[in-house]
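# Examination of the molecular architecture
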Amino acid sequence: MLPLPVLDPQPRRSRLSRREFFARSALCGSTLWLLWSLPRPLALKAARQSAERLVFSEAEWKLVEAISGRIIPTDEDPGAVEAGCVNFIDKALAYEEADLRRLYQAALRAIDGLAEARFGQPFVDQPTERQDEILLALESGDVPGWSSDRASPSEFFQIICAHTIIGFLADPSYGGNRDYAGWKLIGYPGPRHEFGGYTPKQMIGEEKIQTVWGTEID
Amino acid sequence: MARREDFDVCVIGTGAGGGVIADQLTAAGFRVVALQRGPHLRTGDFVDDDELKVIWRDELFSPDQLETWRPDESSPTETGQFNMTGHCVGGTMLHWSAWSWRFRPDEFRVLSEEGPVEGASLADWPIDYEEMEPYYERAEWDFGVSGDAGANPFGAPRRRGYPNPPHPDRSAGLQFKAGARKLGYHPFPTPIAANSQPHGGRPGCLYGGTCGGYGCPIGAKGTTFAVSLPKAQRTGLLDLRPNSLAFEIKIGRGGRARSVHYIDQSTREEQEVRARHVFVCGNAVGTPHLLLMSKSDSFPDGLANSSGLVGRNLMLHVFTAASFVFDKGSRVFTGLGSHAAIDDLHASDPSRGFIRGGVVGSDNFVVKQPILHALWRGSSYPGSDRDWGAGFKDYLRTFSRTASVLSVGEDLPMEANRVDPDPDVTDEWGLPVPRMTHRQHPNDVAMSSWHADRLLEIGDATGAVERWIALRVTDEEPRKGSSHLHGTCRMGDDPSRSVVDRWCRSHDIPNLWVADASVFPTSGGYNPTLTILANAYRVADYFVSEAKKGAL
């Protein structure tokens, strides 16, 4: 579970950017917070039009892509890199999530600074074991020279984790989950209201299910 | 101030309580105005079941919700969205999971059954199951509950069966039932207020998988949005006003409620509507919040509050859940919130170290959707020690083989647990947001701990290859909110110990009524909505009969 913290104690006046995970669930009552607002229609539209960079520099894009690739790594199946999670995050930061841009920029600078200090090279040039070591330092809050007062290192790590995971599993129209990589991995066939639901035989596994990308799952 | 009109009745809130009141009173010929703070969505708005849009962005149901929470009066508050409520026409019921239970007879007399408990404000309801029984039946038939009457040997007695047969099984439910039987339990189909066949002019369910947390795109799910409000509108006697945020009830001559002031959120203007009776049905947070905001020289402590109990005894239920992973598909992303349940753990047994109990249902909507499943990992999945990396990816891979069990336990009322207007945090209109002060009773923690052990046993009996506790109530992880809100305007016969009488009419103000779960003196070990519906029918019947006698 991602214990995403409240970063700003003041309530927003317009659309809220805070969600408590379980307040959004049937269960409720967890202590966990998520601070962010998810991409609104502008970001959705931009994601549909293009996978071009809107916010990140080329170097930032590569760094975020590399971090996301350690959060959901590539193995015999695609991970966050192949799913285009960095594109999802770029579109979010381009529009309704724009207030997190400076946090991202400062955090990315600090992460590369940490990589340089420890290993003499930027994050993206490190082997994966060293990348994980840096992310563990970030997660535990151990980042010298952290300049953002908006969020602590561990809070930023929780945010980029949530962004990556949601980019991996949200509808591909938001810019991530490219080629349904996330849904293929977990065996989710896609939303069903528009396709008329499921038959009783499908509900007990006696009939295959057609996925939104066209293949069938048992 | 623009409109100022006179109605027989003003209903505030159109969910399970207010929707039924609006239906029943218009059917009896009364002119009703219904205020709902959010928009009036259309059934077509629910076709798009995109998880990001509906669950995470909350674009549909209550994007303007804001509230605060603290564990006790000496702690600072946190600000956010803690309760799962709905602000649009149809209220929270619009996205309910539709588990539909009758309370057991003992759940109406908890104080008599258990005796006083330290730190808790137990009470008997002023009504009993026998009085509620015909109204449960009416609610089940109007809202199309599908179930197998008599299949739950621990359930309340009934005179008539369900209107619809049970829903078909799902793999996860079959696994649950087989495991439960091995343990000597008595599994049965979860009664769900969604049609398993065409009923009441509404179609049967399509089992698309996005039910709880979502609106129903075909009206198969029983809601006041699909059932009560269209019927009320057809009478021509309902003036349904969406985007109308009630913020004060004004008292007129004779100490009677005279009018309701609200913000029309579409024009951003303040409005006043006059009515001879006011029904407050804004749920157990919204209702006391409105009553306590309605202060005046005559009522410096808020309306209907001579007992001092408005807002007190907030109850959130004790939720305990385990997650299971099978070696084959669970199909949990299909179908309804739950397809099977047991009630064997319900009866109170103090030898367990706690009193009261609750029902156990297979599955819940948190494991049915990809992002919810991913973010509900709870750091407790046995295969990973981190929320990211290779082990976490393996957890993601379990999605299609995952199932869950959830127990809904009765929590004990405590007067310190309360809702009041927050003096420090305001919403975009400058109104104080609702503030919850809530801490669990030791009985709640003991119940959750015991239930957690039983749920893990069920996991073992189903043959799950992995199982773990995903949610429990502990002192370290307090509940900050719920989808089940009750207790903040309790009903009772003694005006010094309750807010409304047995007819849910204010002891203090004779034309002010409350018809939601605020009036529950205790929370019961079941999802509350069918009881809200049944009680609203009961109150409406009384209102109509008294009005005919000229007694109102």
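These figures come from a predicted structure and were not determined experimentally. (Residues numbered from 1 in each chain as written. Chains lettered and ligands numbered in written order. Predicted model: local features only at pLDDT ≥ 70, side-chain atom pairs only at ≥ 80, totals over all residues. Heavy atoms only, no water.)

### Quick notes on unusual backbone geometry
All names here are of chain B.
- A positive phi angle, near 60°, is found at Arg 268, a position not held by glycine.
- Assignment of secondary structure puts Arg 268 in the loop between strand S7 (257-264) and strand S8 (269-280).
- Phi is positive for His 317, which is not a glycine, with a value near 75°.
- When you line up the elements, His 317 lands in the loop between helix H7 (283-293) and strand S9 (318-325). (Helix = DSSP H or I, 4+ residues; strand = E, 2+ residues; numbered from the N terminus.)

### Comments concerning the domain arrangement of chain A
All names here are of chain A.
- Domain annotation of chain A identifies domain 1 (17-187) and domain 2 (191-218).
- With 4 residues of domain 1 at the contact, the number on the domain 2 side is 4 residues.
- Together, the buried faces of domain 1 and domain 2 total about 390 Å²; carbon and sulfur atoms form 85% of this surface.
- Summed over the three residues of domain 1 that lose the most area to domain 2, namely Tyr 180, Trp 183 and Lys 184, the buried surface amounts to 81% of that side.
- Our count for the contact surface shared by domain 1 and domain 2 stands at 0 salt bridges.
- Summed over the shared surface of domain 1 and domain 2, the number is 0 residue pairs in polar contact (both at pLDDT 80 or more). (Domains from an automatic or database assignment. Contact = heavy atoms within 4.5 Å. Buried area = accessible area lost by both parts, 1.4 Å probe. Salt bridge = Lys/Arg side-chain N within 4 Å of Asp/Glu carboxyl O. Polar contact = N/O pair within 3.5 Å; in protein donor to acceptor, adjacent residues only side chain to side chain.)

### Quick notes on the domain arrangement of chain B
All names here are of chain B.
- By the assigned domains, chain B splits into domain 1 (1-143 + 223-315 + 413-438 + 484-552) and domain 2 (168-211 + 318-409 + 439-480).
- Centre-to-centre, using C-alpha coordinates, domain 1 lies 29 Å away from domain 2.
- Contacts between the two partners involve 43 residues from domain 1 and, on the opposite side, 39 residues from domain 2.
- When the two sides are added together, the surface that domain 1 and domain 2 hide from each other amounts to roughly 3,400 Å², 59% of it contributed by carbon and sulfur.
- Of all residues in domain 1, Glu 51, Trp 99 and Trp 101 bury the most surface against domain 2, accounting for 19% of the area lost on that side.
- At the junction of domain 1 with domain 2, the criterion picks out 4 salt bridges.
- The residue Arg 439 makes a salt bridge to Asp 72 at a minimum N-O spacing of 2.2 Å.
- One can count 18 residue pairs in polar contact (both at pLDDT 80 or more) joining domain 1 with domain 2.

### Things to note about the side chain of Asn 152 of chain B
Residues and elements named next belong to chain B.
- Structurally, the position occupied by Asn 152 is in the loop between helix H4 (129-143) and helix H5 (171-182).
- Since its relative accessible area comes to 15%, Asn 152 is described here as buried.
- Separated by 2.9 Å, the side chain of Asn 152 and the backbone nitrogen of Phe 154 make a polar contact.
- Those residues in contact with Asn 152 that sit more than four places away from it in its chain are Phe 188, Asp 343 and Tyr 526. (Buried < 20%, exposed > 50% of the residue type's maximum accessible area, 1.4 Å probe, protein only.)

### Side note on the pattern of salt bridges
- Counted by the stated rule, this structure contains 46 salt bridges over all chains.
- Between Asp 411 of chain B and Arg 479 of chain B there is a salt bridge, with the nearest N and O atoms lying 3.7 Å from each other. Note that Asp 411 of chain B is positioned in the loop between strand S12 (402-409) and strand S13 (418-426) and Arg 479 of chain B in the loop between strand S15 (466-471) and strand S16 (512-514), a separation of 68 residues in sequence.
- Using a relative accessible area of 3% as the deciding quantity, one classes Arg 479 of chain B as buried.
- Among the charged side chains, a salt-bridge network with shared partners connects Asp 75, Glu 76 and Asp 77 of chain A together with Lys 393, Asp 394 and Arg 397 of chain B.

### A short note on the sheet that holds strand S3 (residues 67-70) of chain B
Residues and elements named next belong to chain B.
- Overall, mixed pairing links the 4 strands, which are arranged S4-S3-S14-S13 in an open sheet. Where the open sheet ends on each side, the last strands, each with one partner, are strand S4 (78-80) and S13. Neighbour to neighbour, the strand axes of the sheet diverge by 35° on average, direction disregarded.
- Here S3 pairs with strand S14 (residues 432-437) via 3 bridges, running parallel. Of the residues in S14, the one forming a bridge with Trp 69 is Met 436.
- Of the strands in this sheet, S3, S13 and S14 touch H7, which is tilted by about 65° from S13. (Pairing = 2+ DSSP bridges. Axes fitted to C-alpha atoms, helices over the stretch in contact; angles between N-to-C directions.)

### Observations concerning the side chain of His 451 of chain B
- Along the chain, His 451 of chain B falls in helix H10 (residues 442-461).
- When neighbours within four sequence positions are excluded, His 451 of chain B is seen to be in contact with Thr 320, Leu 345, Phe 354, Gly 358 and Ser 407 of chain B.

### Some thoughts on the sheet that holds S9 of chain B
Residue and element names in this part refer to chain B.
- Pairing is antiparallel across the open sheet formed by 5 strands, whose spatial order is S10-S11-S12-S9-S15. Since the sheet does not close on itself, it has two edges, and those belong to strand S10 (341-342) and S15, each with one partner.
- Sitting on the sheet, H10 touches S9, S10, strand S11 (358-362), S12 and S15, and the angle it makes with S9 is about 20°.

### Some details on the environment of Gly 282 of chain B
Residue and element names in this part refer to chain B.
- As for its placement among the helices and strands, Gly 282 is situated in the loop between S8 and H7.
- The sequence separation of Gly 282 and Leu 52 amounts to 230 residues, and the corresponding C-alpha distance is 27 Å.
- Residue contacts for Gly 282: discarding those within four places in its chain leaves Ile 12, Thr 287 and Asp 516.

### Regarding the packing of helix H2 (residues 58-71) of chain A against helix H6 (residues 128-139) of chain A
All names here are of chain A.
- It is at 10 Å that the axes of H2 and H6 come closest, and there the two elements cross at 90°. With respect to their mutual orientation, H2 and H6 come out roughly perpendicular. Across from Ala 66, Ile 67 and Arg 70 in H2, the residues of H6 making contact are Thr 128, Gln 131, Asp 132 and Leu 135.
- Taken together, the residues of the contact of H2 with H6 break down into 3 nonpolar, 2 polar and 2 charged. (Parallel < 35°, antiparallel > 145°, perpendicular 65-115°, else oblique. Nonpolar A, V, L, I, M, F, W, Y, C, P; charged D, E, K, R; others polar.)

### Thoughts on the pairing of S3 of chain B
Residues and elements named next belong to chain B.
- Side-chain alternation along S3 places Glu 67 and Trp 69 on one buried face and Thr 68 and Arg 70 on a second face that is also buried.
- Where S3 and S4 come together, 3 bridges link them in antiparallel fashion. When the bridges of S4 are listed, Trp 69 appears paired with Glu 78.

### Comments concerning H2 of chain A
- Counted at 1.5 Å a residue, the expected span for H2 of chain A with its 14 residues is 20 Å, and the 20 Å between its end C-alpha atoms agrees.
- Counted residue by residue, H2 of chain A has 10 buried out of 14 residues, so it is predominantly covered.
- Along H2 of chain A, the positions that sit buried rather than exposed are Glu 60, Trp 61, Leu 63, Val 64, Ala 66, Ile 67, Ser 68, Gly 69, Arg 70 and Ile 71 of chain A.
- Buried residues along H2 of chain A sit in contact with helix H3 (80-83), helix H4 (85-94), helix H5 (101-119), H6 and helix H7 (153-169) of chain A together with helix H9 (390-397) of chain B. (Expected span 1.5 Å × (residues − 1).)

### A word on the confidence of the model for chain A
- Scored by pLDDT, chain A comes out at a mean of 80, with 77% of its residues at no less than 70.
- Segment residues 1-40 of chain A: pLDDT under 50, and 172 contacts once partners within four positions in sequence are set aside and those in other chains are kept. (pLDDT = per-residue confidence, 0-100.)

### A few points about the environment of Thr 488 of chain B
Residues and elements named next belong to chain B.
- Relative to the elements of secondary structure, Thr 488 occurs in the loop between S15 and S16.
- Sequence spacing of Thr 488 and Val 285 is 203 residues, and the spatial spacing of their C-alpha atoms is 7.4 Å.
- Not counting residues up to four positions away in its chain, the partners in contact with Thr 488 are Ala 284, Pro 288, Leu 309, Val 310, Gly 311, Arg 312, Asn 313, Leu 314, Val 419 and Ser 518.
- At 2.7 Å, the side chain of Thr 488 and the backbone oxygen of Ala 284 are in polar contact.

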